[in-house]
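# Commentary on secondary and tertiary structure
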Amino acid sequence: MREWILIAVGGSGARVAQSVVALAAAGFPAMLGQEDVRLTIRVVDLDIHHADGRELFEMIQSYNRAFGFLWQNGGIERKSWRPLQIVLEKNDPFFFQTGLDSGKTTITKITDFIPTIDKHSGSELLIKALYGHADRDMELLQGCKGRPKIGALLWEYLYRNYDKPFWSTLVTLASAQDETRIMFTGSLFGGTGASGVPTLAKLFGESLGKNEGQTWKIGMTLLAPYFYLQDDPGKKW
């Protein structure tokens, strides 16, 4: 069994994954003749509401229920094609748990993720030189909002400190004997995807590179601007 892994970063990444599930439901991947492939989809997002991610999860649930019902009760003959197998996981580790919505922590700003900022004057001065006041005070509970420079630092911190079970299980999954294909997808013009896709793909590749003898390929799918947001006169960032 060959493993395919799709990591959807941000809302746009989740929408791409939704399209993949819809294509699978329409039978398109089956025409590729990939009968020995299993697809695992996971969502990485800072937005604590996970609206697009939850809709994706429901689509995967419906996909599995529909084809399970047809196979078991409908007597479909699977001679020349079969629906793509999409793994149905639980909420954890389907969603990357950043800790922002845990209720046990007050980590909501970029400075909360930098433990040295209040302990070393040099670190504090460097952070202030790299990030303006609005960047340092921006609330992260709804994403990076067009600020990939914040996201790049944040994602690396989260990856290295909150790798279990989300990333650690993916590394194990990608350690299969057959070639594993990993795709990261997100927006090119926002903050969450624009920072998360390249940063996380690099870090994940480094984790896989520590295991000798395995074969894998990492790709990225980035969406160009397809909508624009009106400025909120009441925003604080």
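Quick note: structure is the one above.
Residues numbered from 1 in each chain as written. Predicted model: local features only at pLDDT ≥ 70, side-chain atom pairs only at ≥ 80, totals over all residues. Heavy atoms only, no water.

What follows concerns the nonpolar core. In terms of nonpolar packing, the biggest core is built from 30 residues, with I7, V44, W167, I182, F184, L200 and F204 touching the most fellow members. Looking at which element gives the most residues to this core, the answer is helix α8 (residues 192-209), with six residues. Residues A8, A17, F67 and L84 belong to the second largest nonpolar core, which totals 19 residues. (Core = buried A, V, L, I, M, F, W, Y, C linked by side-chain atoms within 4.5 Å. Buried < 20%, exposed > 50% of the residue type's maximum accessible area, 1.4 Å probe, protein only. Helix = DSSP H or I, 4+ residues; strand = E, 2+ residues; numbered from the N terminus.)

With respect to topology, five strands assemble into an open sheet ordered β3-β2-β1-β4-β5, the strand pairing being parallel. In this open sheet, the two strands that pair with only one neighbour each are β3 (85-86) and β5 (216-223). With two bridges joining them, strand β2 (residues 37-44) and β3 adopt parallel strand pairing. The partner of L39 across the bridge, within β3, is I86. Against the sheet, helix α1 (residues 10-25) touches β1 (2-9), β2, β3, β4 (180-187) and β5, its axis set at about 140 degrees to β1. (Pairing = 2+ DSSP bridges. Contact = heavy atoms within 4.5 Å. Axes fitted to C-alpha atoms, helices over the stretch in contact; angles between N-to-C directions.)

Another aspect to go through is the packing of helix α7 (residues 166-173) against α8. The interhelical angle for the contact between α7 and α8, taken along N-to-C directions, is 55 degrees, at an axis separation of 10 Å. One way to sum up the angle between α7 and α8 is to call them oblique. As for how α7 packs across α8, the hand of that crossing is right-handed. Judged by residue contacts, W167, L170 and V171 of α7 engage L200, F204, S207 and L208 from α8. Of the residues assigned to the contact of α7 with α8, the class counts are six nonpolar, one polar and no charged. (Parallel < 35°, antiparallel > 145°, perpendicular 65-115°, else oblique. Left-handed = near helix turned anticlockwise from the far one by under 90°. Nonpolar A, V, L, I, M, F, W, Y, C, P; charged D, E, K, R; others polar.)

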